[in-house]
Every structure is written in structure tokens, then in C-alpha cells.
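Given next are the chains, with one letter for each unit.
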Amino acid sequence: MGGGPAGASLGAYLAGAGVRVALFDSGSKPDLVVGESLVPAVVGFLRKLGIEEEVASYSTLKPGATFTMPRNQEEMHFRFDEVRKAQITYSYNVPRDRLDASIRDAAVRAGAALFSERARVERAGQGDRVRLSDDTLEQTGGFLTEQPDLVVDASGRSRSISRLLDLPTEAGPRRDTALHAHMEGVELSREGHVHSSILERGWSWRIPLPGRVSVGIVIPSEFLATFGDTLEAQYDAYLRYDPVARGWSEHAKRITQVFKYTNYQLRSVRGVGPNWALVGDAFGFIDPVFSSGMLVGLDSAFELSRVVLDGSEHAFARYERHVLRHLGNWYHAVGHFYDGRLFTLFRVGNFMRQTLLGGLMEPHFLTHLPRVFTGEATHRRYSVGLLNFMCEYGLARNDPAELAVR
Ligand SMILES: Cc1cc2nc3c(=O)[nH]c(=O)nc-3n(C[C@H](O)[C@H](O)[C@H](O)COP(=O)(O)OP(=O)(O)OC[C@H]3O[C@@H](n4cnc5c(N)ncnc54)[C@H](O)[C@@H]3O)c2cc1C
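Residues numbered from 1 in each chain as written. Predicted model: local features only at pLDDT ≥ 70, side-chain atom pairs only at ≥ 80, totals over all residues. Heavy atoms only, no water.

Asker: Help me out: how do you make sense of the overall build of the chain in this one?
Answerer: From N to C terminus, the chain includes 14 helices and 19 strands. In terms of overall dimensions, the chain is globule-like: its C-alpha atoms have a radius of gyration of 22 Å, near the 22 Å expected for 406 residues. Per-residue burial over the chain gives 56% buried out of 406 residues. Considering only intrachain contacts with a sequence separation of at least 6, the fraction spanning at least 24 residues in the chain is 73%. Of the roughly 17,800 Å² that the chain leaves accessible, carbon and sulfur atoms contribute 50%. (Helix = DSSP H or I, 4+ residues; strand = E, 2+ residues; numbered from the N terminus. Rg over C-alpha atoms; globule rule 2.2 N^0.38 Å. Buried < 20%, exposed > 50% of the residue type's maximum accessible area, 1.4 Å probe, protein only. Contact = heavy atoms within 4.5 Å. Areas by Shrake-Rupley, 256 points an atom, 1.4 Å probe, with all protein chains shown as cover.)

What follows is the structure in C-alpha cells.
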């Protein structure tokens, strides 16, 4: 259920391995979809799907990320080809409608049957088994004549199965609103880089796409509401109000309407049931800041495909643990961004590398810490543990609150 990146890539892997797959996609999406900036580890999945060249043809090459720090507006540039032991040294910024279409086409080429319909799921009996509604089966025109062995919820933020079964969830701590639009004439300091700037309240993203820049502002909801009655009024007024945002948007022009996202920090504490599984955002989403969503979606789809082919209960339990750990690792990394520990660590690191001990330790840190953010080491206990340890104990008595996102 759901032909976004998670559902469609799962469909591609399974159909390619000979499984009979019905892929439903309701097509109900806003004109602009967030998820345009990809971390390098996503490129591995584009290769597995055989679509990297196609995606490259309509995307912007993304060689790194630039962060503007709070208070003094110091810029921190992070190039993927400078990451020690990196296996993938670049990524892409993508128009999401085209990327989604490329993945769906890959699923169809692999043999999945695509139905441009909304699938409906119901409880089957008293327990937590589910079934597709009769009209959903009918919509397949005879492709599904009986209930499938497994129903996968890839419905994104619709979270169809979680809502149906009222599965427990964990919400993140932030109460932000993200407003998103495309603009022309936005200033960027590094070509192709995703730019994230800490603003007076909240933060912003700038994602260079072919011919335009995706600009998002992520602001505490109650504060944003004071900037106007419509989304467009709030977006335009906030860009004019904030001194950092004004600096790069002064000569820019918004060329689309504005789209809004709220309450997105949400993950289910369960990911599998007797005849169902969750994948992608339907399982959980942490936060936009490090562009982790597409990676979690594509990675969970790949893992789930292996588990389905294995078929054992044990394998499904392993899948659930894998995704919960992946989401949990991003959760902590994102927390270090908002509470100022990550920026503090970066500043301490700049100072420490000039000392003898710091110079000796630097290659070790540079092997592990950046790769958590490129997605290559977000599953590695040691790398994630080292990041968490350093953010807790490596701040040399500096107060991280000074660099926190307010
Ligand atoms: C503000 C914000 C910014 C973000 N920025 C980034 C970023 O820069 N980089 C990044 O990697 N991630 C980002 N993300 C996350 C990213 O957008 C998602 O993680 C990603 O889209 C998840 O893919 P998915 O396939 O799970 O779900 P979706 O992309 O939401 O796809 C779900 C699909 O299911 C369909 N559907 C829903 N219900 C049904 C149904 N009942 N039957 C049939 N079809 C159905 C929908 O129409 C849709 O096509 C951002 C998220 C937010 C909130």
C-alpha cells in the first residue's frame, strides 16, 4: 500500500526475485513533495534499483553540505569526498516527483503490478491480523483473487495500518512547522551543497535543484503563526524578518505556492505483525535536518525484501529491530543538532586538531563521525556510539545551549 520510494523499491526487489506483487498507489500527493536532498548512502540503493544514471540526468549533483552556525553565522562545509574511508563520495538533489516515477517504473519493469488506486485495509477478526477490503481486491481486475500473504504499509504519513490497529507511537520533542516552496535567485555559497542555516528561531534548508532552489523553513509552530494568516504570508514574512534568511533570499522570488508539514517526528514502536509489516515513513520519520528520511525508507524496503524472501518469524523480528535501531540512531544524531552539542563538538574539534593528541586522534574521528551523517555508518554501533559519547563528554566544558536551535 503506497508507491512512494519505500513501497515501490520494495516492490522492485520482490518482483525481481519472483514474488507476486500488487503495488497500490493512490497518487494523492501535493504538487511539491519534500525529500529532495539525498544522503550519499542513498546512491547505493539507486544503483541496486538500476536507476542511478536516469536519476542523475534530471538531478543536481550534491558534493556536500553547508551549515551556517548560530550566533556568529560561521559556515561549516562538509564535502563527501573528504570523508575518510567513504565508499560513496557524492549524492544528488532530486525533483521528488521524477525520482518517485523512476522507482515506480523500476518496480513495474521488475514485474510488479501497479494499481493507481487507494488500497483500504481492515481488521481481520479480533487479533491484529489485517485484510484488504473487498473493493481493493476488486480494483486489481483479477490480479488478486484472494487475500495476499503479506500486506505492507508503505503509505507514508497516512500510516494506514498503525492507525487501523492503533499501534503505540513515540513522538519526537520538537513542535515545529516546516513550510516549503521553490524559489529562484536564492544565494548559495557552495554549488550543489544542501545549505542549512540556523535562524533566530528554528532553521532553514536550501536545496539546489535544476533551475530553482527548494527552500524550507522549520520554525516552532506557535512562533510562525504570528507572521500571517496564510502559509504564503508566513513564509514570505519570515524570510524577510530573519536576518540570516534575509541575507540569502533578499533578491529571490518564490515561484510556487507554499506547503506545510507538522507533527512529522513520529515512529511506531512496532513494525511487524502476523500478516503485515511497516516500511518507510509508515514505520517512522525522525526529522528533516540531516535528510535521513529517504535513506530510512529505501534501507527499510531493502531489508524487508530480504526478510520476505527468508520468510521466518525470526527474520521479521530482526527487520523490526533493524529499523528501530536505524531510526533510534538518527534520533540521537538529530537531538545533538537541536541541543547545540554537534556544533559545539565541531568547534572543540577545530581547536583540538591543533594539539598533539587531537592531531593523533583526528583520523579516527574523521573515519567514524562524518559517516554517521552520510548514512554509511548509521548502522554501525561503534561509529554511532562514538558520536554520542563525544557529544556527551567531548565538549571541553563548553555550554552547548549557546549553539542550540531555539
Ligand atoms: C519537512 C520535511 C522535509 C523532508 N526533507 C527530506 C530530505 O531533504 N531528504 C530526505 O531524505 N527526506 C526528507 N524528508 C522525508 C521524506 O520525505 C520521506 O521520508 C519519504 O518521502 C518517505 O518515503 P515513503 O515511501 O515512506 O512515503 P511517501 O513518499 O509519503 O509515499 C507514500 C505513498 O503512498 C501513497 N498512499 C498513501 N496511502 C495510500 C493508500 N491507502 N493506498 C495506496 N497508496 C497510498 C501516497 O500517495 C504516496 O505516494 C522530509 C520530510 C519532511 C516532513
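Asker: Can you walk me through the pattern of salt bridges in this structure?
Answerer: Proximity of charged atoms lets side chains of opposite charge pair with each other. Counted under the stated rule, the structure contains 17 salt bridges. As a salt-bridge pair, Arg-120 and Asp-135 come within 3.3 Å of each other at their nearest N and O atoms. With Arg-120 in the loop between strand S6 (113-115) and strand S7 (121-123) and Asp-135 in helix H5 (residues 134-138), the pair connects residues that are 15 residues apart, well separated along the chain. For Arg-120, a relative accessible area of 42% puts it in the partly exposed group. Note that Arg-254 is salt-bridged to Asp-236, the shortest N-O span being 2.9 Å. Taken together, the residues Arg-254 in strand S15 (residues 253-254) and Asp-236 in helix H8 (residues 231-241) connect sequence positions 18 residues apart. Look at the salt bridges and you will find they share partners, linking Lys-29, Arg-96 and Asp-100 into a network. (Salt bridge = Lys/Arg side-chain N within 4 Å of Asp/Glu carboxyl O.)

Asker: What is the right way to look at the site of the ligand in this model?
Answerer: In the vicinity of the ligand lie 36 residues, with Asp-25, Ser-37, Ala-119, Asp-281 and Met-294 positioned nearest. Here an oxygen atom of the ligand and a backbone polar atom of Ser-28 are 3.5 Å apart. The backbone of Val-34 places a nitrogen or oxygen atom 3.1 Å from an oxygen atom of the ligand. With the chains in place, 95% of the 1,000 Å² that the ligand exposes on its own is no longer accessible. Within the residue set of the shell around the ligand, elements represented by two or more residues are helix H1 (5-16) and helix H10 (293-310). (Near = heavy atom within 4 Å. Polar contact = N/O pair within 3.5 Å; in protein donor to acceptor, adjacent residues only side chain to side chain.)

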